[in-house]
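Chain residues, written in single-letter form:
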Amino acid sequence: MAWFKRTKKGIQTATEDKKDVPKGLWYKSPTGKVVDAEELERNFYVSPEDGYHVRIGSKEYFEILFDDNKFKELDANLTSKDPLKFEDKKKYIDRLEAAQNKTGLKDAVRTGVGKSLGKDLVIACMDFSFIGGSMGSVVGEKIARAADYALKEKIPFLLISKSGGARMMEAALSLMQLAKTSAKLAQLADAGIPYISLCTDPTTGGTTASFAMLGDINISEPGALIGFAGPRVVKDTTGKDLPKGFQSAEFVLEHGFLDFITHRKDLKRKINLYLDLVQNQPLREKTA
């Protein structure tokens, strides 16, 4: 019945019969472009309107990089403790529990081994959704163990960084992970096992100061924020005005800290192309 023929005022539909628009049906990029969520997923979580690379986590990267999303997760149940009994607005142990419940993750990195274009690859991928991808003891330990696995099995290693830096709630224990992970990567280099570092948005702080910039090849996605300290700190320290976009992947590439930038849809193919080239192996013709 048309609204102008109603004899009773108000909405007549019962609550249980109301149909809401499903959450996540549309995604709006920072430039204001709106895209259907299913189309976004089909396009590797990149907005087709403006090429904006939406932040994704280990689940999505594993789907993109491992063949048929088949892999064996390494050290899946490793979790952080609270040796310092740290407390700010809430206890660190409570913050960990809240992050685990919210994200379904154990900590800010997942590691796994599987086939990528038919050949074995070890991948460590950070999750920004877990306390800002902060690097605590578990993050450093899982990365070190993944590097050990790659070393033992002689498998190339890919590390995907997405982090706000060191985890302040673990203080010096967090900072120790910079040295530990760097030492493990040096062992890979000595053994001639390729290590690829992929910087995604954002890669900052202690991750940039350690494993994120130690790859045999350092690559990034378009538009990723890559830097050590924030713009205000850098400006106050140097006393100089900063150029526009000085911490963007494109600016970092131009100044020699990256080897190349690749669209997410080409990521699997380009990573494996590089591995074939650097290991002097026949090029795989199969595409991602």
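Residues numbered from 1 in each chain as written. Predicted model: local features only at pLDDT ≥ 70, side-chain atom pairs only at ≥ 80, totals over all residues. Heavy atoms only, no water.

Novice: Can you explain the pairing of strand β8 (residues 217-220)? Please cite residues and give values.
Specialist: Of the two faces of β8, the one lined by Ile217 and Ile219 and the one lined by Asn218 and Ser220 are each fully buried. Where strand β7 (residues 195-203) meets β8, four bridges bridge the pair, whose relative direction is parallel. Bridge assignment links Cys199 to a residue of β8, and that residue is Ser220. Of the strand pairs in this sheet, β8 and strand β9 (residues 260-261) are connected by two bridges, and their pairing is parallel. Bridge pairing in β9 places Ile219 opposite Phe260. (Buried < 20%, exposed > 50% of the residue type's maximum accessible area, 1.4 Å probe, protein only. Helix = DSSP H or I, 4+ residues; strand = E, 2+ residues; numbered from the N terminus. Pairing = 2+ DSSP bridges.)

Novice: Report on the environment of Glu97, specifying residues and quantitative values.
Specialist: Take Glu97: it is sitting in helix α3 (residues 92-103). Each C-alpha atom of the pair Glu97 and Asp107 lies 10.0 Å from the other, and the pair is ten residues apart in sequence.

Novice: Break down the sheet that holds strand β6 (residues 157-163) for me, with residues and values.
Specialist: The strand order across the open sheet formed by seven strands is β3-β4-β5-β6-β7-β8-β9, and the pairing between neighbours is mixed. The sheet is open, and its two borders are formed by β3 (71-74) and β9, each paired with just one other strand. Those strands touched by helix α4 (residues 137-153) are β3, β4 (109-116), β5 (119-126) and β6, and its axis lies near 25° from that of β4. (Contact = heavy atoms within 4.5 Å. Axes fitted to C-alpha atoms, helices over the stretch in contact; angles between N-to-C directions.)

Novice: Give me the confidence of the model for the chain: which residues, what numbers.
Specialist: The predicted structure's coordinates, where accompanied by low pLDDT, should not be read in detail. Here the chain averages 90 in pLDDT, while 91% of its residues score no lower than 70. Confidence drops under a pLDDT of 50 for residues 15-21, and excluding neighbours within four residues, the segment shows one contact in the predicted structure. (pLDDT = per-residue confidence, 0-100.)

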